[in-house]
Amino acid sequence: ELKVEQNPLFLSMQEGKNYTIYCNYSTTSDRLYWYRQDPGKSLESLFVLLSNGAVKQEGRLMASLDTKARLSTLHITAAVHDLSATYFCAVGHNYGQNFVFGPGTRLSVLP
Amino acid sequence: DAEITQSPRHKITETGRQVTLACHQTWNHNNMFWYRQDLGHGLRLIHYSYGVQDTNKGEVSDGYSVSRSNTEDLPLTLESAASSQTSVYFCASTPGQGGTEAFFGQGTRLTVV
């Protein structure tokens with residue numbers, strides 16, 4: 001059974017600081033997705049990582065995938081308040097037809 | 001623009017009533033999913049479908065059913081609503097194999113009293 005863990009589950013950080021969110025999963029997969037969710041809103045796709053060593057960057061966020069370690073990271077550079085949200089990783093299985101989500105990391109960026 | 005829509009956005013119902021939540025997508029996606037989101041549990045898969053007439057149980061399917069009579073719609077039915085089914089429900093879709101991310105509807109907040 002595929003299980004997905006994230007840590008930390010809660011993260012409070014100051015503007016301008018850097019931090020990394022970790023996503024570990026239990027069985028082999030080369031498909032990893034990151035989503036953002038604002039309070040009361042739906043999930044918005046951030047990154048799609050489809051191979052070992054994949055790295056994607058958008059603004060202050062950078063995601064990477066290490067399939068051998070079964071680990072993905074979401075790195076935040078020089079955080080700003082607008083990044084406050086809950087971030088979910090999801091792992092694809094069954095040839096990418098299905099997804100298992102991590103519990104989410106609630107990020108608060110304080111001024 | 002193609003999209004995925006859920007209705008209603010909010011619903012209050014009584015224990016024991018049958019409730020149906022609608023999900024409609026205009027992308028012509030093969031795969032559709034229903035998740036529930038609860039504090040402390042993230043998103044948990046209820047049911048999913050890989051195409052017309054195909055339905056499969058997910059992690060938390062007890063008390064729920066779905067049917068897929070066309071490509072665009074996957075309605076979720078709570079056969080006899082229970083307070084434990086108070087949650088936010090999300091519908092999602094993907095084209096199928098190939099690694100494309102899932103696209104989510106806006107969610108339905110269901111309260112069972």
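To start, this report covers the structure provided alongside it.

Conventions used here
- Residues numbered from 1 in each chain as written.
- Chains lettered and ligands numbered in written order.
- Predicted model: local features only at pLDDT ≥ 70, side-chain atom pairs only at ≥ 80, totals over all residues.
- Heavy atoms only, no water.
- Pairing = 2+ DSSP bridges.
- Helix = DSSP H or I, 4+ residues; strand = E, 2+ residues; numbered from the N terminus.
- Axes fitted to C-alpha atoms, helices over the stretch in contact; angles between N-to-C directions.
- Phe/Tyr/Trp six-rings, centres within 6.5 Å; stacked < 30°, edge-to-face > 60°.
- Contact = heavy atoms within 4.5 Å.
- Buried area = accessible area lost by both parts, 1.4 Å probe.
- Polar contact = N/O pair within 3.5 Å; in protein donor to acceptor, adjacent residues only side chain to side chain.
- Nonpolar A, V, L, I, M, F, W, Y, C, P; charged D, E, K, R; others polar.
- Buried < 20%, exposed > 50% of the residue type's maximum accessible area, 1.4 Å probe, protein only.
- Disulfide = S-S within 2.5 Å.

### Quick notes on the sheet that holds strand β8 (residues 76–78) of chain B
Residues and elements named next belong to chain B. Reading across the sheet, the four strands line up as β1-β3-β8-β7 and stay open at both edges, with antiparallel pairing between neighbours. Of all strands in the sheet, those with a lone pairing partner are β1 (4–7) and β7 (64–66), marking the two edges. Geometrically, the sheet is characterised by an average inter-axis angle of 20 degrees between neighbouring strands, direction not taken into account. Across three bridges, β7 lies against β8 in antiparallel orientation. Bridging from a neighbouring strand, Tyr64 pairs with Leu78 of β8.

### Section: the packing of aromatic side chains
Under the definition given, this model contains 13 aromatic pairs over all chains. Measuring from ring centre to ring centre gives 5.2 Å for B:Tyr48 and B:Tyr50, while their planes differ by 50 degrees; the resulting arrangement is tilted. An aromatic cluster is defined as three or more aromatic residues linked by ring pairs; in this entry it consists of A:Tyr33, A:Tyr35, A:Phe99, A:Phe101, B:Phe33, B:Tyr35, B:Tyr48, B:Tyr50, B:Phe90 and B:Phe104.

### Observations regarding the interface of chain A and chain B
Each partner contributes residues to the interface: chain A has 21 residues there, and chain B has 22 residues. Between chain A and chain B, roughly 1700 Å² of surface is buried when both sides are summed, and carbon and sulfur atoms account for 51% of that area. Viewed at the interface, chain B and chain A are joined by five residue pairs in polar contact (both at pLDDT 80 or more). Elements with a minimum of two residues in the side of chain A that touches chain B: β4 (32–37), β5 (43–49) and β10 (98–101) of chain A. Residues that form the side of chain A that touches chain B fall into these classes: ten nonpolar, eight polar and three charged.

### Concerning the pairing of strand β9 (residues 85–93) of chain A
Residues and elements named next belong to chain A. Counting buried positions along β9 gives eight out of nine residues, so the element sits mostly inside the fold. Bridge count between β4 and β9: six bridges; the pairing is antiparallel. Bridge pairing in β9 places Leu32 opposite Val91. Pairing between β9 and strand β11 (residues 105–110): three bridges, direction antiparallel. The residue of β11 that forms the bridge with Tyr87 is Thr105. Relative to β10, β9 runs antiparallel, the two sharing four bridges. Residue pairing across strands places Gly92 opposite Phe99, the latter belonging to β10.

### Some points on the state of the cysteines
Using the criterion set out here, one finds two disulfides over all chains in the structure. Disulfide partner of A:Cys23: A:Cys89, at an S-S distance of 2.1 Å. In this structure, the disulfide formed by A:Cys23 and A:Cys89 twists by about 80 degrees around the S-S bond and is classed as right-handed. Separated by 66 residues along the polypeptide, A:Cys23 in strand β3 (residues 19–25) and A:Cys89 in strand β9 bring together distant segments of the chain. Linked covalently through their sulfurs, B:Cys23 and B:Cys91 form a disulfide whose S-S length is 1.8 Å. Where B:Cys23 bonds to B:Cys91 through sulfur, the torsion about that S-S bond is close to -70 degrees, and the disulfide is left-handed. Of the two residues, B:Cys23 sits in strand β3 (residues 19–25) while B:Cys91 sits in strand β9 (residues 87–94), which places them 68 residues apart along the sequence. Both residues of the pair, B:Cys23 and B:Cys91, count as buried.

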